Amino acid sequence: MDTHTTYVYLLCFAFHRYQRAHDHLLTCFLHKVKEFVNEGKSAAKDHAAAQHVADQRDLPKAGAVLKLFTAEQGDGATPFSTVQAKAFAILDRPRLERVAAHLAKTSRFDEVALQWEHVDKIALQFKRHLRPLLQAIEITASEPEAPLMLAIAFLQEAFAKGQPLRQYAERAIPTRCIPKRLRRYLYAQEGRGPRHLLVDRYEFWVYRLLRQGLESGRISCRQSVRFRSFEDDLIPEEEWRQHKDALIADIGLSVLTRPISEQLADLERQLEDLLQAVNRRIATGENTQFKITRRSPKVRWTLTTPRPSNTVNHPLFAGIPQQDIASVLLFVNSRCPFLQLFDHLLPRYTKRAADDRVLCACLMAWGTNTGLGRMAEISDISYQALQEASDDFMRLETRGPANDLVVDATAALPITQHYNLGGVVHSSSDGQKFETRRPTFNARYGPKYFGLKKGIVADTLVINHIPVSARIIGANEHESHYVFDLLFNNTTSLRPSVHSTDTHGTNEVNFALLHAFMYQFAPRYADISEKVRTALFGFQHPRQYANLTLRPMHKANTALIIEDWDNVLRIFVSLARKTTSQSIIVS
């Protein structure tokens, strides 16, 4: 490379790693704060449960105390202090008072107070973990003078000086972030003196507020990828105002050049026609998937349960001989030489060419999750050869073009067109869960899929039954955030017109986003009845659809859409100018 080009690449790489380091720091901060909060809640519940057990154990002794007042012996002149002494001999005063309050139903455990008492016990622990993280990150917000931002700036300044919070005058500590409901927990009073702030609890409360702000998006970090502000990913407002028309024209999306009022009018006509057509097919019985019941004045419907498909393969497949994966890879390479794209990491200084057999073994080892060690045991290729080939030839820059070459060659085959649905190319994306051996930042617990272990999700894009691309995401992330990312970064010749996901891949934003980029979003909902009842929108008043089986329940606010159209344009143009959309979609 040219020297200056090399500098640019190195700077971009260093900056990206700098951003990822901030992602890891903030992720660690969120995890530790949540861990301390949950630990406090668990300790409070355990204390309350132990107290309840103790009260139940003391109930028989409380009954013995009550018998002192019901006994018939005595002349009635026994001093009360004597009776009291006998009662306290059976059950001491504090425990007797607690049991009496329990019987009178006036005793209530304040679990919040117990949680804050636990914070006092772990003060040294959370300071050791969270203070360095707070000092290492730069926090920004839409309102810099907000009470929380003032508190964060105060803590960062105090930690930088190394001065304990107890040495600061209380009036110098910004306390507007403390709500009234928590003042009785964060303030204490000794004797008849004035109330004073408990600085350890105050510090922990700021950490909790910061965690809530980062998770909700109200607080951001410009040096991060995942926690960046939405505004940071958009075209600067000044540039947008001056060059809006040129920017829109440069993108080449016809949807963005048409006035929004015309688009809404077209969408209204399409929706109204579809509502009439779909309901007519249901009413006449043409749509056999709907089951209508009329036991009450209100018409109810359900979808019929599909019958299990035939599990016996077509006789054609019985006559095809089975082939091992290695033979399939070598056959594909003979028709489209994708293995040639796996060049050496340092092609300028190496004389060793890639061995196709070794490359196929590496692809099989990683693609089937077998691993190089196991592949060396079951093949005639040494582990050393596999390891060297994997290190030298297997990387994202070679796997991507090789995959695109195979996909494009497959798409050129005549059989590919037979997988079109309704005459259009249909794609879908879904996440596959895989258990991981190593605890990476993407690995998360998922009892439903991984039991007590951790795993990741491979979000895969499939077009006409051809796997095109995939992204590895965390098991805690929502798949709908990456739908547009997969489609936008598709580098093959296959271009779908319709895209489907399951319920986990849907959100309201994807409908508008995919529509602007010339995709039709057709999700598959697990509970279609609930979606139709609560999220089917129409342009007219609901009473206009009273005679329909499937009818919209809400009126679309077209005035709000028209008013915000300029902001929507700015977002779409910013997306189209990016080489990758991950950061802005996650934001």
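The next point concerns the overall build of the protein chain. Broken down by element type, the protein chain carries 24 helices and 14 strands. Across the 587 residues in the protein chain, those meeting the buried criterion constitute 34%. Of the roughly 36900 Å² of accessible surface on the protein chain, a fraction of 55% belongs to carbon and sulfur atoms.

On to the pairing of strand S10 (residues 466-474). Each regular strand carries side chains that alternate between the two faces of the sheet. In the sheet, strand S9 (residues 454-463) pairs with S10 via eight bridges, with the strands oriented antiparallel. Paired with Thr460 across the bridge in S10 is Ala470. Counted between consecutive antiparallel strands, the loop separating S9 from S10 contains two residues, among which Asn464 sits at a positive phi close to 50°.

Here we come to the pattern of salt bridges. If charged atoms from side chains of opposite charge come close, those side chains can pair. A complete count under the given rule lists 26 salt bridges for this structure. Of the charged contacts in the structure, one is a salt bridge between Glu377 and Arg374, with a shortest N-O distance of 3.2 Å. Of this pair, Glu377 and Arg374 both sit in helix H15 (residues 372-378), three residues apart, which is roughly one turn of that helix. The shortest N-O distance in the salt bridge between Asp485 and Arg471 comes to 3.2 Å. Of this pair, Asp485 sits in helix H19 (residues 483-488) while Arg471 sits in strand S10, placing them 14 residues apart in sequence. Take Arg471: its relative accessible area is 24%, and that puts it in the partly exposed class. Put simply, Arg258, Glu262, Asp266 and Arg269 are held in one network by salt bridges that share partners.

Of all hydrophobic cores here, the largest spans 48 residues; its most connected members are Phe29, Phe126, Ile178, Leu186, Tyr202 and Tyr207. Of all the secondary-structure elements, those providing two or more residues to this core are helix H1 (3-70), helix H4 (111-121), helix H5 (123-136), helix H6 (147-161), helix H7 (183-186) and helix H8 (199-216). Looking at this core, the element that brings in the most residues is H8, giving nine residues. Those residues in contact with Tyr202 that sit more than four places away from it in its chain are Ala151, Phe154, Leu155, Ile173, Pro174, Thr175, Cys177, Ile178, Leu186 and Leu197.

Of all residues in the protein chain, 89% have pLDDT values of 70 or greater, and the mean over the chain is 86. When pLDDT is averaged over each element of the protein chain, strand S11 (residues 498-500) comes out on top at 95 and helix H24 (residues 582-586) at the bottom at 44. A low-confidence stretch, residues 580-587 (pLDDT under 50), is modelled with 28 contacts involving residues beyond four sequence positions or located in other chains.

For the rest of this paragraph, the subject is the environment of Pro147. Assignment of secondary structure puts Pro147 in helix H6. Pro147 gets classed as partly exposed once you look at its relative accessible area, which sits at 28%. Spatially, the C-alpha atom of Pro147 lies 7.3 Å from that of Pro174, the residues being 27 residues apart in sequence. In this structure Pro147 touches Arg176 and Cys177, once residues within four positions along its chain are discounted.

Scanning all chains against the criterion turns up 12 aromatic pairs. Measuring from ring centre to ring centre gives 5.1 Å for Phe126 and Phe204, while their planes differ by 55°; the resulting arrangement is tilted. Placement of Phe126 in helix H5 and of Phe204 in helix H8 is noted, with a sequence separation of 78 residues between them. Of the two residues examined, Phe126 and Phe204, each falls in the buried class. For the pair Phe126 and Tyr207, a centre-to-centre distance of 6.1 Å together with 80° between the ring planes defines the contact as edge-to-face. Within this pair, whereas Phe126 is found in helix H5, its partner Tyr207 is found in helix H8, the two being separated by 81 residues in sequence. For the pair shown, Phe126 and Tyr207 are each scored as buried. Seen from the ring of Tyr449, Lys433 lies directly overhead, with NZ or CZ sitting 4.8 Å from the centre.

Time to look at H8. Between the first and last C-alpha of H8 there are 26 Å, a value that for 18 residues agrees with the 26 Å anticipated at 1.5 Å per step. Across the 18 residues of H8, 14 count as buried, placing the element largely inside the fold. Downstream of H8 by one or two residues, Gly217 has phi in the positive range, about 90°.

A surface patch of nonpolar side chains, about 330 Å² in accessible area, is lined by Leu316, Phe317 and Ile320. Looking at where Phe317 falls in the secondary structure, it is placed in helix H12 (residues 315-318).

Let us look at unusual backbone geometry. Within the chain, His465 stands out as a residue other than glycine whose phi angle is a positive 70°. A positive phi angle, near 70°, is found at Met518, a position not held by glycine. Looking at where Met518 falls in the secondary structure, it is placed in the loop between helix H20 (508-516) and strand S12 (520-521).

Moving on: the packing of helix H14 (residues 356-367) against helix H16 (residues 383-393). Where H14 meets H16, the closest approach of the two axes is 9 Å, and the angle between their N-to-C directions is 85°. Accordingly, the angle class assigned to the pair H14 and H16 is roughly perpendicular. Counted together, Val358, Leu359, Ala361, Cys362 and Trp366 of H14 and Ala385, Leu386, Ala389, Ser390 and Phe393 of H16 form the full contact between these two elements. When the residues that make up the contact of H14 with H16 are grouped by side-chain class, the tally is nine nonpolar, one polar and no charged.

Moving on, we get to the side chain of Asp23. Considering the arrangement of structural elements, one finds Asp23 in helix H1. Residues within four places of Asp23 in sequence aside, it is in contact with Ser224, Val225, Arg226 and Phe227.

This part covers H20. Taken residue by residue, H20 has Asn510, Leu513, Leu514 and Ala516 as its buried positions. Buried residues in H20, looked at end-on, bunch into an arc of 155°, giving them a common side. Capping the start of H20, Asn507 holds a side-chain oxygen 3.2 Å from the backbone nitrogen of Val509, two or three residues further along. Following H20 by one or two positions, Met518 adopts a phi angle in the positive range, close to 70°.

Quick look at the packing of H4 against H8 now. At their nearest, the axes of H4 and H8 sit 9 Å apart, and the two run at 105° to each other. Between H4 and H8, the angle is such that the two are roughly perpendicular. Facing Trp116, Glu117, Val119 and Asp120 of H4, the residues of H8 in contact are Asp200, Arg201, Phe204, Trp205 and Arg208. Residue composition of the contact of H4 with H8, by class: four nonpolar, no polar and five charged.

Calculation criteria
Residues numbered from 1 in each chain as written. Predicted model: local features only at pLDDT ≥ 70, side-chain atom pairs only at ≥ 80, totals over all residues. Heavy atoms only, no water. Helix = DSSP H or I, 4+ residues; strand = E, 2+ residues; numbered from the N terminus. Buried < 20%, exposed > 50% of the residue type's maximum accessible area, 1.4 Å probe, protein only. Areas by Shrake-Rupley, 256 points an atom, 1.4 Å probe, with all protein chains shown as cover. Pairing = 2+ DSSP bridges. Salt bridge = Lys/Arg side-chain N within 4 Å of Asp/Glu carboxyl O. Core = buried A, V, L, I, M, F, W, Y, C linked by side-chain atoms within 4.5 Å. Contact = heavy atoms within 4.5 Å. pLDDT = per-residue confidence, 0-100. Phe/Tyr/Trp six-rings, centres within 6.5 Å; stacked < 30°, edge-to-face > 60°. Lys NZ or Arg CZ within 6 Å of the ring centre and 35° of its normal. Expected span 1.5 Å × (residues − 1). Patch = residues over 30% accessible without salt bridge, like charges linked within 9 Å, V, L, I, M, F, W, Y side chains within 5 Å. Axes fitted to C-alpha atoms, helices over the stretch in contact; angles between N-to-C directions. Parallel < 35°, antiparallel > 145°, perpendicular 65-115°, else oblique. Nonpolar A, V, L, I, M, F, W, Y, C, P; charged D, E, K, R; others polar. Arc of directions from axis to C-beta. Polar contact = N/O pair within 3.5 Å; in protein donor to acceptor, adjacent residues only side chain to side chain.

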